[in-house]
Every structure is written in structure tokens, then in C-alpha cells.
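For reference, the chains in residue letters:
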Amino acid sequence: MVNDDPNLHCVKCGQPSLFRQGAKAYCCNLCGFVYFHNVAAAVSAVIVCNDQILLVERAQQPAKGKLDFPGGFADYNESNEEALTRELMEELQLPIDNMQYLFSYPNRYLFKDVLYSTLDSFFEIRFDSEPSLVLQQEEISRYFWLDMKNMDVNQLAFVSGQNALQEYLRGKA
Ligand SMILES: [Zn+2]
């Protein structure tokens, strides 16, 4: 067993006895409690219109002020498609009626001192004319339509988004 943090307390017995076992499991060596810190499912939208891609500026940590694809975490009992449809309504008030699965990339997401490993699935959504958007301002401060030819993957907040943009642009070249 590996104890990363000697102050980790067991949520069942309350003792400072929680140890990490392997990559994902946390085990209490006093009461036997086990917690698996499994990969979280997340979804992202590559929204395209007239050779431009929509990116949003993050209004919250982590990576506040950096650019990201719209999207978020899947809720319990949701499909990827349902999660992305919900997130785009919440973040942009953008209804969608089609999406095309592209690929997935792993990511690491540090939120309030907890490091989450995520698996981010990317979907392409195409529009013929620029849709109207209403921002959820707690989550997003601004949005940009960026010309595909001039995009820099380092503008993206997370490594999964950087990898996704690189693969998407390579496919268009
Ligand atoms: Zn315990």
C-alpha cells in the first residue's frame, strides 16, 4: 500500500488510516472500507460553422481564463449524447439535433485539491449559419469563433483538448 497523504481520513471509521492501493483504490486498514477513485466520463463539443470552431473562455478554476471546448461531466444514468445535449443547453442555450462522435482522450482535472482522471469524448456538431448563444456566466466568460487555419493547440486549457484539436485539424488538412 502507498499512503500519499498521511492526513487522509476514512469516511466510514473516521481514522487517519486511508491508504492508496494500486492506481485507483483507497483502502482503510482499520475497518476495511474501500473506495475506487474511478475515471470520470466527460464530453466535449467541437462546434463548427464556416471553417470556424467555437471555443469558450473558462470562468472557473481549474484553468480559469483559458479556452476550452464547451461540455462537461456526465451525470449518473446519462449517455454521452444526453450529457452533451444537456451541457450545451446549460452553458450556451444551444439546442442540437445531431452530433458525430470523433474520438476520446484522457485528461487530468484538479478541482479543489482532488485530482480527477477523466475520459473525454469529443463530438463534432456542424452549423450552416452561426447559432445564437446565451452564456451561462458562472461557467463561461466569453466565446470565440476561431478560424481553423489560425488555431494554436496551446490556447486550449487541457491536454485532452489540445490532443483533440490537433487530431481534428489534422483530419481537415
Ligand atoms: Zn475505516
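What counts, and where the lines are drawn
- Residues numbered from 1 in each chain as written.
- Predicted model: local features only at pLDDT ≥ 70, side-chain atom pairs only at ≥ 80, totals over all residues.
- Pairing = 2+ DSSP bridges.
- Helix = DSSP H or I, 4+ residues; strand = E, 2+ residues; numbered from the N terminus.
- Axes fitted to C-alpha atoms, helices over the stretch in contact; angles between N-to-C directions.
- Buried ≥ 20, exposed ≤ 12 C-beta atoms within 10 Å, placed from the backbone.
- Contact = placed C-beta atoms within 7 Å.

Draft legend 1. Quick look at the sheet that holds strand β3 (residues 34–36). Read across the sheet, 3 strands follow the order β1-β2-β3 without closing on themselves; strand pairing throughout is antiparallel. Single-partner strands in this sheet number two, and they are β1 (18–21) and β3. The average undirected angle you get between the axes of adjacent strands in this sheet is 25°.

Draft legend 2. Summary view of the pairing of β1. As paired strands, β1 and strand β2 (residues 25–28) are joined by 4 bridges and run antiparallel to one another. Pairing of Gln 21 across the sheet is with Ala 25, part of β2. Linking β1 to β2, which pair antiparallel, is a turn of 3 residues; within it Gly 22 sits at a positive phi near 70°.

Draft legend 3. View of unusual backbone geometry. A cis amide bond, omega 0°, links Gln 61 with the succeeding residue Pro 62. Its location among the elements puts Pro 62 in the loop between β5 (52–58) and β6 (67–68). Despite not being glycine, Asp 51 has its phi angle at roughly 60°, a positive value. Here Asp 51 is to be found in the loop between β4 (40–49) and β5. Taking the number of C-beta atoms within 10 Å as the measure of exposure, Asp 51 has 11 and is therefore exposed. The backbone of Gln 93 sits at a positive phi, close to 50°, despite the residue not being glycine. Within the secondary structure, Gln 93 is located in the loop between α1 (80–92) and β8 (100–111). Judged by local crowding, Gln 93 falls into the partly exposed class, with 13 C-beta atoms found within 10 Å.

Draft legend 4. Layout of the environment of Cys 10. Tracing the chain through its elements places Cys 10 in the segment before β1. Along the primary structure Cys 10 and Glu 81 are separated by 71 residues, whereas in three dimensions their C-alpha atoms are 35 Å apart. When residues no more than four places from it in sequence are discounted, the contact partners of Cys 10 are Gln 15, Ser 17, Leu 18, Cys 28, Leu 30, Cys 31 and Phe 33.

Draft legend 5. Representation of the pairing of β4. Sheet analysis places β4 next to strand β9 (residues 114–127), joined by 10 bridges and oriented parallel. If you follow Val 46 over to β9, its bridge partner there is Glu 124. Note: β4 against strand β7 (residues 71–73), 3 bridges, orientation antiparallel. Considered in β7, the bridge of Val 43 is made with Gly 72. Taken together, the 2 bridges between β4 and β5 define a ladder with antiparallel strand orientation. Across the sheet, residue Cys 49 finds its bridge partner in β5, namely Gln 52. The hairpin formed by β4 and β5 contains 2 residues between the paired strands, and Asn 50 there has a positive phi angle of roughly 50°.

Nothing here speaks to function; it is all geometry.
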